[in-house]
Amino acid sequence: MTAGCSHLEQVRPVTPATTGCEECLRSGGRWVHLRMCLGCGHVGCCDSSQGKHATGHFHETGHAVMQSAEPGESWRWCYVDQKLV
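Cut-offs used in this document
- Residues numbered from 1 in each chain as written.
- Predicted model: local features only at pLDDT ≥ 70, side-chain atom pairs only at ≥ 80, totals over all residues.
- Heavy atoms only, no water.
- Core = buried A, V, L, I, M, F, W, Y, C linked by side-chain atoms within 4.5 Å.
- Buried < 20%, exposed > 50% of the residue type's maximum accessible area, 1.4 Å probe, protein only.
- Helix = DSSP H or I, 4+ residues; strand = E, 2+ residues; numbered from the N terminus.
- Contact = heavy atoms within 4.5 Å.
- Pairing = 2+ DSSP bridges.
- Axes fitted to C-alpha atoms, helices over the stretch in contact; angles between N-to-C directions.
- Disulfide = S-S within 2.5 Å.

A. Local environment of the nonpolar core. Counting residues in each nonpolar core, the largest one holds 16 residues, and the members touching the most others are C21, A64, V65, C78, Y79 and V85. Among the secondary structure elements, those contributing two or more residues to this core are β1 (34–37), β2 (43–45), α2 (53–61) and β3 (65–68). Residues contacting V65, with those up to four places away along its chain left out, are H7, L8, Q10, V11, M36, C37, L38, G39, R76, W77, C78 and V85.

Here's what the structure looks like:
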């Protein structure tokens, strides 16, 4: 992880809440890539998806750090600092 992000204290041991975007699964929507909130385990779709639910979850909750939920990817992003952490 990269130094300089004060939001890493929000990261908790979480498991994905669903196997797909929670909001898209409820509405019948489609997603491109998935992101998991490292504060609560919410799974949302990326900003390339129509719903942009991962970013929406950040705006609703303030949970700043998410991780890619795509197979083989482990990168993390801080919405507040706008950088990889």
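B. Fine view of unusual backbone geometry. For K52, which is not glycine, the phi dihedral falls at a positive 50 degrees. For K52, a relative accessible area of 43% gives the class partly exposed. Positive phi, close to 55 degrees, is recorded for Q82, a residue that is not glycine.

C. Examining the sheet that holds strand β5 (residues 83–84) more closely. Strands sit in the order β2-β1-β3-β4-β5 across an open sheet of five strands; the sheet is antiparallel. Each edge of the open sheet carries a strand with a single partner, namely β2 and β5. As paired strands, β3 and strand β4 (residues 76–78) are joined by three bridges and run antiparallel to one another. Following the sheet pairing, Q67 is matched in β4 by R76. Against the sheet, α2 touches β1 and β2, its axis set at about 120 degrees to β2.

D. Structural detail: the state of the cysteines. Counted under the stated rule, the structure contains zero disulfides. Of the cysteine sulfurs around C21, a residue in no disulfide, the closest is that of C24, at 3.6 Å. By relative accessible area, C21 is classed as buried at 0%. For C37, which is in no disulfide, the shortest distance to another cysteine sulfur is to C40 and amounts to 3.8 Å. The class for C37 is buried, based on a relative accessible area of 5%.

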